[in-house]
Amino acid sequence: MRKVILVVVAAAIVWSGYWFVGAAALDRGIDAALDELRAEGWRIEAADRGISGFPNRFDTSFDALEIQAPDGDRLTMPFFQILALSYKPNEIIAIFPPEISLDRGGQVVRLTNEDARGSVTFRTSPDLPLDHSAFVIEDLLIESDGIDFSMDELRFATRIPPGAPDARHQNIGLSATGIVLPEQIGRRIEATGLGPIEVLRVDATLDFAAPIDRHALGNQPRIDKIDLHDLALDWGGIGLDGEGLIEIGADGLPMGDIDLTLENVDRAIEVAVAAGLIPGNRAAMITQGLSFLGGSGTEGRVTLPLRFADGDMMLGPIPLGPAPRIGVGR
């Protein structure tokens, strides 16, 4: 019995030593990572930082955290926590506060939520490539300059697709439910009887110019390709589905097609008229035109390609204007 007790005590001492050595190493690693980001133009300040969780976790807490990007955008949070099991330090849980503020050139965006957390798993190599992640935000409200919208739940996840060679390839999944549009738009379409958007879903694979790893925060990799597997919207009987492949040039301009299928065209036109997007006296003509352009579209269903080419966007033969530039990095 005495030997058993001695073994248990020895194991506890060794494990305690491991935790304190690991906590000290983690603290130094955080300092090194912050110094690296500051050297790249980031400003990261916290009123206090601490590591707790003895003996089985490394829980890092930041109080009054402020992060300013090289372009001047500033993010502030009253607290932020990173939790990890001491024997799985490459798997972390991130806990976000109920209120987050983002200042973009003087335009302040305020995000409040009931619960916001995520999990991130890195592959075990010095550059810490992202293997997979998942985030969930409940009761999200976004406010900016008197314009606000909300959603019941937002889910976002990533993973390296099966068979992909490295973290340059990321499968992205997004799902939002119960989306309430800004009041200014909501008042216009109230007469149509539409409520919140039931579901918005996106499933795509993104190819980046460089891996998504510990270097990506300081120098965001450029997106080279977007393979859209599924875009789905369900809103009061109006349905929208899409899929397609987009290549992104070094200048950030997209090229390629996304095939969009709109369900319940008449209802969609009615909502667009109520929102002021389409003049009422042109609704019938546009409905007929969409049916004609869709070719095989019947029973209120129409399919059209959204085309990106030479810096422009077109929906079928209809010009939509300049295509957006997708940010470039390294």
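Before reading on, note that the structure itself is shown above.
Draft legend 1. Here's a closer look at the side chain of D59. Checked against the element boundaries, D59 lands in strand β3 (residues 57-68). On the basis of relative accessibility, which here comes to 6%, the residue D59 falls in the buried class. Here the side chain of D59 touches R57 through a polar contact of 2.6 Å, side chain to side chain. Apart from residues lying up to four places away in sequence, D59 is in contact with G50, I51, S52, G53, I82, L83 and A84.

Draft legend 2. Geometry of the packing of aromatic side chains. A full pass over the atoms with the stated rule returns two aromatic pairs. Judged by centre distance (5.2 Å) and plane angle (45°), the rings of F80 and F96 are tilted. Of this pair, F80 sits in strand β4 (residues 74-85) while F96 sits in the loop between β5 (91-95) and β6 (99-104), placing them 16 residues apart in sequence. Ring centres of F96 and F135 lie 6.4 Å apart, and the angle between their planes is 55°; on these two criteria the pair is classed as tilted. With F96 in the loop between β5 and β6 and F135 in strand β9 (residues 130-144), this residue pair connects regions lying 39 residues apart in the sequence. Look at F96 and you get partly exposed, because its relative accessible area is 24%. For F135, a relative accessible area of 23% gives the class partly exposed.

Draft legend 3. The environment of I179, seen in detail. Mapped onto the elements, I179 comes out in strand β11 (residues 169-179). The class for I179 is buried, based on a relative accessible area of 9%. Spatially, the C-alpha atom of I179 lies 4.9 Å from that of I197, the residues being 18 residues apart in sequence. Ignoring sequence-local partners within four residues, the contact set of I179 consists of S150, M151, P196, I197 and L200.

Draft legend 4. How the structure looks around the pairing of β9. As judged from the three bridges shared by strand β7 (residues 107-112) and β9, these two strands associate in the antiparallel manner. When the bridges of β9 are listed, R110 appears paired with E143. Where strand β8 (residues 115-122) and β9 come together, eight bridges link them in antiparallel fashion. When the bridges of β9 are listed, A116 appears paired with I137.

Draft legend 5. Inspection of helix α3 (residues 265-274) at higher detail. Inspection of α3 places V265, R267, A268, I269, V271 and A272 among the buried residues, and these make up the whole buried set. At the C-terminal side of α3, G276 shows a positive phi close to 85°.

Draft legend 6. A look at the nonpolar core. Residues L206, F208, I223, I246, I258, L306 and F308 are the most contacted members of the largest nonpolar core, which totals 19 residues. Those elements that place two or more of their residues in this core are β12 (197-208), β13 (223-235), β14 (238-248), β15 (254-263) and β16 (301-309). Looking at which element gives the most residues to this core, the answer is β12, with three residues. Every residue in contact with F208, bar those within four places of it in the chain, is listed here: R168, Q170, P221, R222, I223 and D224. Residues V109, L140, I142 and L194 belong to the second largest nonpolar core, which totals 15 residues.

Draft legend 7. Examining the layout of surface pockets more closely. Taken as a whole, the second largest pocket spans an internal volume of roughly 860 Å³. For the second largest pocket, the lining is made up of 25 residues, of which L262, A268, A272, L277 and L315 are closest to its centre. Of all the secondary-structure elements, those providing two or more residues to the lining of the second largest pocket are α2 (183-189), β13, β14, β15, α3, α4 (283-293), β16 and β18 (318-322). In terms of residue class, the lining of the second largest pocket is made up of 23 nonpolar, one polar and one charged.

Draft legend 8. Summary view of the pairing of β18. Sheet analysis places strand β17 (residues 312-315) next to β18, joined by four bridges and oriented antiparallel. If you follow M313 over to β18, its bridge partner there is G321. Taking the residues that link successive antiparallel strands as the turn, the β17-β18 hairpin has two residues, and the phi of G316 there is positive, at about 60°.

Draft legend 9. Main features of the environment of S175. When you line up the elements, S175 lands in strand β11. Since its relative accessible area comes to 25%, S175 is described here as partly exposed. For the pair formed by S175 and L154, sequence separation is 21 residues and the distance between their alpha carbons is 5.9 Å. Residues within four places of S175 in sequence aside, it is in contact with E153, L154, R155, L200 and R201.

Draft legend 10. Looking closely at unusual backbone geometry. In this chain, F54 is followed by P55 through a cis amide linkage whose omega measures 10°. Mapping P55 onto the fold places it in the loop between β2 (48-52) and β3. Positioned with a positive phi, D139 is a non-glycine residue whose angle comes to about 50°. You can see D139 is positioned in strand β9. Look at D139 and you get partly exposed, because its relative accessible area is 44%. In the Ramachandran plot, N264 falls in the positive-phi region, its phi being about 65° despite a non-glycine side chain. Residue placement: N264 occurs in the loop between β15 and α3.

Thresholds applied
Residues numbered from 1 in each chain as written. Predicted model: local features only at pLDDT ≥ 70, side-chain atom pairs only at ≥ 80, totals over all residues. Heavy atoms only, no water. Helix = DSSP H or I, 4+ residues; strand = E, 2+ residues; numbered from the N terminus. Buried < 20%, exposed > 50% of the residue type's maximum accessible area, 1.4 Å probe, protein only. Polar contact = N/O pair within 3.5 Å; in protein donor to acceptor, adjacent residues only side chain to side chain. Contact = heavy atoms within 4.5 Å. Phe/Tyr/Trp six-rings, centres within 6.5 Å; stacked < 30°, edge-to-face > 60°. Pairing = 2+ DSSP bridges. Core = buried A, V, L, I, M, F, W, Y, C linked by side-chain atoms within 4.5 Å. 1 Å grid on protein atoms, 1.4 Å probe; cavity = no way out; pocket = protein on both sides within 12 Å on 5 of 7 lines; lining within 4 Å. Points joined across faces, edges and corners; volume = space filled by probe spheres on them. Nonpolar A, V, L, I, M, F, W, Y, C, P; charged D, E, K, R; others polar.

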